[in-house]
Amino acid sequence: MQDRFLPASDRPKPGRTTWQKVNRRILLLGLPLIAGAGIFATSSRASTYLVESVPQYRAALADLAQSKAKALVDVGAQWCAFCKVIEDKILPDRRVAGLMQNFGLVRIDVTATTADNLALLRHLKVDGPPTVFIVDAASGREHEGTRSVGSFPTESLIARLEPFAARPATGKPARE
């Protein structure tokens, strides 16, 4: 993940060493995933991007498209109780984590209301958190029937991910 996907407040300060940059990135992005996943989760993680504007969103998808055909977009906020459930219980669930190996994860944190993230929500036609949906990484097109708004059980996300998880980069189902 490159620094352009991190919020300005989380970008390394001038003069920091590469090791300090890496440590900060691990603390900001890696520890919540590791802590939430537990010791039985799969070791391979989805490529995760934290974005807060339309240009960052497009850049994240362009970067993801090089290695993943699909991305799960997760709109959340720190004040959103169910967003914590998604982050701490649903995404780390071993079945979800296994399916997510085939997806990128684009996280949009709207805790702080800014002009950039309001524009991003309008662009994505999202009213607010929690909202999750699957997009084609290359085109950014949302897949019909994949959007969840509000709370949902783990099995619902699994059912939404499964049809796309076995597809190769061509977009055709592997089972055909």
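Here, every reference points to the structure presented above.
Rules of the game
- Residues numbered from 1 in each chain as written.
- Predicted model: local features only at pLDDT ≥ 70, side-chain atom pairs only at ≥ 80, totals over all residues.
- Heavy atoms only, no water.
- Phe/Tyr/Trp six-rings, centres within 6.5 Å; stacked < 30°, edge-to-face > 60°.
- Helix = DSSP H or I, 4+ residues; strand = E, 2+ residues; numbered from the N terminus.
- Buried < 20%, exposed > 50% of the residue type's maximum accessible area, 1.4 Å probe, protein only.
- Core = buried A, V, L, I, M, F, W, Y, C linked by side-chain atoms within 4.5 Å.
- Salt bridge = Lys/Arg side-chain N within 4 Å of Asp/Glu carboxyl O.

It is worth spelling out the packing of aromatic side chains at this point. Following the criterion strictly, the structure yields one aromatic pair and no others. Ring geometry for F82 and F152: centres 5.4 Å apart, planes at 70°, overall edge-to-face. Of this pair, F82 sits in helix 3 (residues 81–90) while F152 sits in the loop between strand 5 (148–149) and helix 6 (154–165); the two residues are 70 residues apart in sequence, bridging distant segments of the chain. Of the two residues, F82 and F152, both sit in the buried class.

What follows concerns the nonpolar core. Residues V51, Y57, V73, V106, I108 and L124 are the most contacted members of the largest nonpolar core, which totals 23 residues. Mapped onto this core, the elements with two or more residues apiece are strand 1 (47–51), helix 2 (54–64), strand 2 (70–76), strand 3 (103–109), helix 5 (115–124) and strand 4 (131–136). Per-element tally for this core: the top contributor is helix 2, with five residues. F82, I90, I134 and I158 belong to the second-largest nonpolar core, a separate cluster that totals 18 residues.

So, about the pattern of salt bridges. Taken as a whole and judged by the stated rule, the model has five salt bridges. With a closest N to O distance of 3.1 Å, D136 and K70 form a salt bridge. Placement of the pair is D136 in strand 4 and K70 in strand 2, with a sequence separation of 66 residues. For D136, a relative accessible area of 16% puts it in the buried group. Residue K70 is classed as buried on the basis of its relative accessible area of 6%. The closest approach of N and O atoms between D74 and R107, which form a salt bridge, is 2.8 Å. Within this pair, whereas D74 is found in strand 2, its partner R107 is found in strand 3, the two being separated by 33 residues in sequence. Side by side, D74 and R107 carry an identical accessibility label, which is buried. Here the residues in one salt-bridge network are D93, R95 and E155, joined through shared partners.

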